[in-house]
Amino acid sequence: MASSSIDVLIIGAGPTGLMLASQLALHQKNLSFRIIDKSASCTTQSRALVIHARSLELFAQLNLIERILSEGYTADRLKLFCRGQCRFQADFTRIRAKQKPLLTRYPYLVLLEQSATEKILEEYLIEQNISIERNCEAIELKSTDDNHVEVTLANGELIRTKYVCACDGARSIVRHKLNLSFSGRTYSQSLFLCDSRVANLPIEQNEAAIFMHSSGLAGVFPLKDNARYRLFGTIESEKTDDIQMNIGNALEILRTRTQQANIRIDNCQWLSIYRSHHRCIKTFRYEKQFFFLGDAAHIHSPLGGQGMNTGLQDAHNLGWKLAFVLKHSAHDRLLDTYHDERFPIAKELVHTTDKAFAFAASANPMMKFVRLYVLPYFLRYVVQFIFDHSHRFRQYFFLRLSQLWISYSSVKTSKQPTSTGRFSRAIPLPGDRFPYVIYDPCFYHFVIFEKQRTTQLLSFIEFIQEKYSNLIRIHDTCEENLPFQYQGAILIRPDGFIAYRTFSILFCTIFFKLEIKIIDYVN
């Protein structure tokens, strides 16, 4: 029986597993990992479709943003229809035209099939000389006394690894073998998905739309190819196992819910029916060696296109932490912060998408009445008015949709103080994103705002470059164009979130010269 020993084993090569592998590939000279998947190839169906702004920032760190934007389709507007009438539209061009303060360098809602996203990440890994081991299934897992895991594959190979990262989806074999609860429930409604050419829709090609009707919910999202759309809709419970469900049924549902009898559908590439769930595992890190990411950790309704994006960000959050523990001997508690930071985000998303889907698809007569006869007027005369006239509201709307709202400022990840001095409200908090620059994801970044080159400042810079050049990059705002200025400095994590801020470089000098190990401090 063949055997091997590695640092990290990634089980599952969907978008989450591929993103985690891409993050670890940045550090592959100092750690060893493998990525396996039981499937013969990446998915050929589009499945997940929306890539939000926060996820675009992750691709930018990997220098893949141009390819994502060129292969994807940017939606300019999202419209909401009730009983055939448009009651609300979110115009993203207005958000892109004015960002004050800056939200992101990529203020887009990009529509790109999951198959294309996986292909881009897989080709990136190939360029990094990382192979994805297909037709490779884990069947047994066993923890050892020396804090390792032995993973047995279906082909008989035994892999000995320090960490197992479960990216193997809602039916995770890792979660099943460890007998971990995946609490939640299954919705009574089922969903159909298909990719087809569609004619005579009541929207333009660069617009996406959701339609609410007494019979249920439907939606259309444009794809890259001309006149091709992703269609989805709820179907009645008794039709869940109806093997006769075909493109004709989908057309009938779409015509009913859009109230457009002349809609035509042809060239259907695929059609799938599935039950939607909302579930969440109780711990994202189990027994120190096991981590759960993406659908293996949390699943929720597809409303809002949050699922794949959340998985990508799970991988981004965990990847650099694994690398710093394995590469720089960071304290193990750094890995605990993966659960501390990502679990509350996943739990909130599961809760909010559940409430939204339950309201949008409920068959309860009172809920139906509110959805079809009260909500339309509220959207048209209140929400639309505020959206059109309030720049702050548009920013808030985009932040929530795009996952740019995510902050870890409420999570205490360090025993040391993370903020020294007094700051205006405009200055981001420790745990907030720093959206102004996309930095190298292999390092911490110290952004210094001091304008005067004092002896003390120069001494501090020299100290960092001498002691921590393998961990920290120094950035001078006198040379880099940032949208705000203040005294002191900000220390930014590899994933773009603020680890520490100070109003005076004096605090940094004193603190670092206490010879406290930098990795223990910043984490």
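> What exactly am I supposed to notice about unusual backbone geometry here?
It is generally the case that most residues other than glycine have a negative phi and that most peptide bonds are trans. One non-glycine residue, N129, lies in the positive phi region at around 65°. Within the element layout of this structure, N129 appears in the loop between α5 (114–127) and β8 (132–133). A residue is classified by how much of its surface remains accessible, and N129, at 70% relative accessible area, is exposed. Not every positive phi belongs to a glycine, and N200 is a case in point at roughly 70°. As for its position among the elements, N200 is in the loop between β12 (182–199) and β13 (207–213).

> Where do I start with the packing of aromatic side chains in this structure?
Pairs of aromatic rings are described using the distance from one ring centre to the other and the angle between the two planes. As enumerated under the stated definition, the model contains 20 aromatic pairs in all. Ring geometry for W320 against F324: centres 5.8 Å apart, planes inclined by 85°, an arrangement best described as edge-to-face. On the criterion of helical spacing, the pair formed by W320 and F324 is a turn pair, its members being 4 residues apart in helix α8 (residues 307–328). Each member of the pair, W320 as well as F324, carries the same accessibility label: buried. Seen from their ring centres, F387 and F397 are 5.7 Å apart, and the 85° between their planes marks the pair as edge-to-face. Taken as a pair, F387 in helix α10 (residues 365–389) and F397 in helix α11 (residues 391–402) lie far apart in primary sequence, 10 residues in all. Here the aromatic residues Y163, F284, F291, Y338 and F343 are joined through ring pairs into a cluster of three or more. Lying across the ring of F182, R175 places its NZ or CZ 3.8 Å from the centre. If you follow R473 out to its NZ or CZ, it ends over the ring of F443, 3.7 Å from the centre.

> In this structure, what is going on with the environment of Y468? I would like to understand it.
Along the chain, the position of Y468 falls in the loop between α12 (455–467) and β22 (472–476). With 24 residues separating them in the primary sequence, Y468 and Y444 have C-alpha atoms 9.9 Å apart.

> Please explain the side chain of H213 as it appears in this structure.
Residue placement: H213 occurs in strand β13. A polar contact of 2.9 Å, which involves the side chain of H213, links it to the side chain of S215. Apart from the residues within four sequence positions on either side, H213 is in contact with T256, R257, Q259, R371 and L372.

> Any chance you could explain the side chain of R87 here in plain terms?
By the secondary structure assignment, R87 is in strand β6 (residues 85–91). Once you skip the residues sitting within four places of it in the chain, R87 turns out to touch L80, F81, C82, P376, L379, R380 and Q384.

> Where do I start with the pairing of β22 in this structure?
Every other side chain in a regular strand lies on the same face of the sheet, so the side chains alternate between the two faces. Here strand β21 (residues 444–448) pairs with β22 via 5 bridges, running parallel. Bridge assignment links I448 to a residue of β22, and that residue is D476. Viewed along the sheet, the connection from β21 through α12 into β22 turns out right-handed.

> Is there a simple way to think about the nonpolar core in this case?
Across soluble globular proteins, nonpolar side chains show a tendency to be buried alongside one another. Membership of the largest hydrophobic core comes to 93 residues, with the highest contact counts inside it found for I10 and F292. With 10 residues, α8 is the largest single contributor of residues to this core.

What counts, and at which threshold
- Residues numbered from 1 in each chain as written.
- Predicted model: local features only at pLDDT ≥ 70, side-chain atom pairs only at ≥ 80, totals over all residues.
- Heavy atoms only, no water.
- Helix = DSSP H or I, 4+ residues; strand = E, 2+ residues; numbered from the N terminus.
- Buried < 20%, exposed > 50% of the residue type's maximum accessible area, 1.4 Å probe, protein only.
- Phe/Tyr/Trp six-rings, centres within 6.5 Å; stacked < 30°, edge-to-face > 60°.
- Lys NZ or Arg CZ within 6 Å of the ring centre and 35° of its normal.
- Polar contact = N/O pair within 3.5 Å; in protein donor to acceptor, adjacent residues only side chain to side chain.
- Contact = heavy atoms within 4.5 Å.
- Pairing = 2+ DSSP bridges.
- Right-handed = clockwise from strand over helix to strand, strands pointing away.
- Core = buried A, V, L, I, M, F, W, Y, C linked by side-chain atoms within 4.5 Å.

Purely spatial values, then, with no claim about function.
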